[in-house]
Amino acid sequence: MAIVVIGGHSRSVGKTSVVAGLIAALPERRWTAFKITQYGHGICSANGAPCDCACADHSWAISEEKDRSGESDTSRFLVAGAVRAWWVRTEQGRLADAMPKVRQLLDQADNVIMESNSVLMFLQPTLYVTVLDPETADFKSSAQEFLDRASAVILHDSGENNGHESVWKRVSLELVANKPIFRIQPPPYVTPDIVEFVRAKLLSTNF
């Protein structure tokens, strides 16, 4: 089983679009998709707004997506061709509580693609790709912590702001200087080069 993790330095940088794009481009993998959301104090880590994604016990919850309207992120995964899609919600810092159930679901999957940074604390994926947008100054601590584990970088290239260092003052991209960097001008978020990179990595890995 392959496990592909797609992370990113902030919200709204295209992580969900990358996951959906890879699911659609590699249907033979029969993906089970996960989106991991951490919340706290009534504020959703997914969009920074007041939310109702807190669980009743304020610890964690996992729900399977069934809707195929494409209105939610996990619904988009199904529309793209995922066999199953799961939304994992945990309180900030409590992802460990949900991992035993997540591992049970992993065991049922052919191949897995996950939208998360923090899951890297608990899994060694086949491939970890991080999405970076120099137009967005925010840089999650989880994205910074695992930047050196990235197999590749998907970098927004607006053609206007190439001074990443001045935008991310406390983050050094030297950690990924020798990693493949795929520049995108969305849409699309997933280019043929990205698809071929992921396909080749998965084929070259013994599961």
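For the structure itself, look to the data block above.
So, here is what we can say about the structure in this document. All values derive from a computational prediction rather than experimental measurement.

Points about the side chain of S17
Its location among the elements puts S17 in helix α1 (residues 15-25). Overall, S17 belongs to the buried group, its relative accessible area being 18%. A distance of 3.0 Å separates the side chain of S17 from the side chain of R76, its partner in a polar contact. The residues touching S17, leaving out its near neighbours within four places in the chain, are R76, Y189 and V190.

A word on unusual backbone geometry
A cis amide bond, omega -20°, links P186 with the succeeding residue P187. Mapped onto the fold, P187 is located in the loop between β9 (181-184) and α6 (192-203). Of the consecutive residues P187 and P188, the connecting peptide bond is found in the cis state with omega at 5°. Mapped onto the elements of the fold, P188 is located in the loop between β9 and α6. Here the phi dihedral of S12 falls at roughly 60°; this positive angle occurs in a residue that is not glycine. Within the secondary structure, S12 sits in the loop between β1 (3-8) and α1. A relative accessible area of 73% places S12 in the exposed class.

Here is what the cut-offs are and how they apply
- Residues numbered from 1 in each chain as written.
- Predicted model: local features only at pLDDT ≥ 70, side-chain atom pairs only at ≥ 80, totals over all residues.
- Heavy atoms only, no water.
- Helix = DSSP H or I, 4+ residues; strand = E, 2+ residues; numbered from the N terminus.
- Buried < 20%, exposed > 50% of the residue type's maximum accessible area, 1.4 Å probe, protein only.
- Polar contact = N/O pair within 3.5 Å; in protein donor to acceptor, adjacent residues only side chain to side chain.
- Contact = heavy atoms within 4.5 Å.

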